[in-house]
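The primary structure of each chain is shown beneath.
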Amino acid sequence: MASRYHEVYAEWKRDPEAFWAEAANAIDWFTPWDKVFDAEAGVYGRWFSGATCNTCHNALDRHVAGGRADQIALIHDSAITGAKQSFTYAELQREVVALAAVLARNGVTKGDRVIVYMPMIPQAAVAMLACARLGAIHSVVFGGFAARELATRIDDARPRLVVSASCGLEPNRVVAYKPLLDEAIELCAHPPQHCVIFQREQLACDLVPGRDIDYAEAVAREKDDGTEVPCVPVAATDPLYVLYTSGTTGQPKGVVRDNGGHMVMLKWTMDNEFGVKPGEVFWAASDVGWVVGHSYIVYAPLLHGCTTVMFEGKPVGTPDAGTYWRVIADHGVVALFTAPTAFRAIKGQDPKGEFIGRYDLSAFRTLFLAGERADPETIKWAEQRLGVPVIDHWWQTETGAPITHNPVGLGLLPVRHGSPGVAMPGYDIRVLDDAGHEVPTGTLGNVALKLPLPPGCLPTLWEADERFRQSYLAEFPGYYKTADAGILDEDGYLFVMARTDDIINVAGHRLSTGAMEEVLAAHPDVAECAVIGVADALKGQAPLGFVVLNAGVARDTAAIEQEVVTLVREKIGPVAAFKTVLTIKRLPKTRSGKVLRATMQKIADRQDWKMPATIDDPAVLDEIDAVLKARGIGRAE
Ligand code: COA
Ligand code: AMP
């Protein structure tokens, strides 16, 4: 089938407002919009202003009323406990109504924030949808973050209530969540009034009298009472959620997502980009703590009337490299969305793909990869072993849905390995030099998106319009800066090469080296430090720290390095995967005092590098090279 992509993209370009108004017909609105796009509102304009709607209504109630009440909405599959549980649309709605009743009884109303700090259990999705039902704003915090990170988010969002669980399950350990939550509440300046805690059977926790509420007991009471909670109408432009993501400092950015535009965009992508039909089974193997989990575990599949799979486990080790195929076969998954790192892990343990042949994958049509650069070797391996198209696509927490893709639903374009595809409707991608001029086709530059951004993208940062302008809009006037560097080829395929800021991508997790440096600098023996991302065969990148000790420190450097590693785990969390720090005599700097992190990274990655003209003392790089070699990290002879 010839792809309709070019025709559809041209249609969007001709009249973006008509295009998105048409797409919006797939959503139920309580009242229609005054303007499809109001260029005068917000920082750069707002979509569907004047309209009212409710995201939970569109995700659940409309399907229950429209004939999907008995269709499975959500399957929970834990490869760690072996448990499987499914909820029909009607059952999921009942769970959501009951939890919404609990939240409302404890003071949560429209516009209030609720932090959701949960492992990968169905109650996490229920909590998100219960907030949406009430018009409350959820902010999900990934379970791999430490108490201090949670406290930072609590203080920024100032939630009325937190929904959490007693524990998460990692393959090698039970992670007690409650002590982390209690510590975060100790640390923060704006503690929530209540915490609703789901007790998992693997580890129960104590509840604080007067503050903590037992999830299961409270929900059971509301079910017994038959409490009804209608979907609260909210403005299309009201926030559905705030999701914190790494910025260039230790203060994460609160990415705001609205209700109306978000629904329109996600629903559109399911058909046209992912090629999935209502009623089919879609699986995003991510975590609800990340944007992929928000968009493609919870909201998009439910808005589209699909069955979504929520998976607790890892691609390898729970119990083996065949787990993904087992899940696909057990639940009839038609499309899987995951990060390339998962496939590198599987390929590493099962290079011949022998596990694949043991399962019935006849329903499986497409593999989608995103979250980090997909190396062509991994893509080719997956294509050959699975015999289905492997589609790389590129986006960010800020956009909430793909910027570039190969739109399966519109008809596949030829796959170009190394490229996450072409611009999707809504996105006018330009590659700019540092002065903001467009560079010729085929030239590396700053990837920028011409304003306005399409429906579903962040309208601003939580209570921080100015930070939003400064972070994204100020450098290239008229454009949104993606902070990715890339190349557009003559056919419009984008190649995303690297971040232009200090964000690194570790196993598809977005992390700030600046935030890690703040932790290193807080160690009493550390005078100066730098953290860079170095190439890692499994995780894509791994953080590597360098410390310069205070003059006169006579302690064992190995002990100090171990303390620094522990400090990052305690302050940021295990997800930082910060395992290595090297003590050096001094940092390489320019004459004006800027640390030459990019050169350090090239040396560590064994890439060609040039001596920076502005370097203060070239001998420092030799010193670093020697330390890297001594630890088996630097260049081989
Ligand atoms: N709660 C608590 N701790 C968590 C956690 C959570 N939700 N998620 C991860 N962690 C911990 C892990 O236990 C690990 O701790 P450790 O240092 O004690 O081993 C650490 O954080 C790093 O976790 P992870 O990045 O998952 O690495 P891993 O070595 O356990 O597994 C992969 C490696 C490749 C198998 C794994 O990263 C993976 O499955 N990636 C898939 C990609 C993905 O889901 N990306 C999300 C964006 S789409
Ligand atoms: P996050 O906000 O966590 O989704 O991370 C977004 C960042 O991940 C992007 O800015 C890119 O740097 C990187 N990224 C995501 N998808 C891809 C992809 N398909 N190819 C290359 N980089 C990607």
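Here the structure is a predicted model, which is why all the values come from computation and not from measurement.

Asks: Could you give an account of the sheet that holds strand S26 (residues 494-499), with specific residues and numbers?
Replies: If you walk across this open sheet you meet the four strands as S23-S24-S25-S26, and the pairing is antiparallel. Of all the strands in the sheet, the pair left with one neighbour each is strand S23 (429-432) and S26. Strand-to-strand twist in this sheet, taken as the mean axis angle between neighbours without regard to direction, amounts to 50 degrees. Summarising the sheet, strand S25 (residues 479-488) and S26 pair through five bridges and their orientation is antiparallel. Bridging across to S26, glycine 486 finds its partner in valine 496.

Asks: Before we move on, can you summarise the site of ligand 2 with the specific residues and values?
Replies: Taken together, 16 residues lie near ligand 2, and His393, Thr397, Asp484, Arg499 and Arg510 sit nearest. Within the contact set of ligand 2, a nitrogen atom lies 3.4 Å away from a backbone nitrogen or oxygen of glutamate 372. Asparagine 505 is positioned with one of its side-chain polar atoms (N or O) 3.2 Å from an oxygen atom of ligand 2. Of the residues assigned to the shell around ligand 2, the class counts are five nonpolar, five polar and six charged.

Asks: Residues and numbers for the UniProt feature "domain: AMP-binding enzyme C-terminal" (unreviewed entry) in the protein chain, please.
Replies: Under the present numbering, the feature "domain: AMP-binding enzyme C-terminal" (unreviewed entry) in UniProt falls on residues 516-594. This span, residues 516-594, is 27% helix and 32% strand, and a straight line between its end C-alpha atoms measures 17 Å.

Asks: Go over the packing of helix H12 (residues 340-349) against helix H13 (residues 376-386) with me, naming the residues and quoting the values.
Replies: Taken N-terminus to C-terminus, the directions of H12 and H13 make an angle of 65 degrees; their axes are 10 Å apart at the nearest point. It follows from the interaxial angle that H12 and H13 lie roughly perpendicular. Two packed elements cross with a definite hand, and for H12 against H13 that hand is left-handed. Residue-level contacts link Pro340, Phe343, Arg344, Ile346 and Lys347 of H12 to Glu377, Thr378, Trp381, Ala382 and Leu386 of H13. Class assignment of the residues belonging to the contact of H12 with H13 gives a composition of six nonpolar, one polar and three charged.

Parameters at a glance
- Residues numbered from 1 in each chain as written.
- Chains lettered and ligands numbered in written order.
- Predicted model: local features only at pLDDT ≥ 70, side-chain atom pairs only at ≥ 80, totals over all residues.
- Heavy atoms only, no water.
- Pairing = 2+ DSSP bridges.
- Helix = DSSP H or I, 4+ residues; strand = E, 2+ residues; numbered from the N terminus.
- Axes fitted to C-alpha atoms, helices over the stretch in contact; angles between N-to-C directions.
- Near = heavy atom within 4 Å.
- Polar contact = N/O pair within 3.5 Å; in protein donor to acceptor, adjacent residues only side chain to side chain.
- Nonpolar A, V, L, I, M, F, W, Y, C, P; charged D, E, K, R; others polar.
- UniProt positions renumbered as here; feature names shortened; annotations may be inferred.
- Parallel < 35°, antiparallel > 145°, perpendicular 65-115°, else oblique.
- Left-handed = near helix turned anticlockwise from the far one by under 90°.
- Contact = heavy atoms within 4.5 Å.

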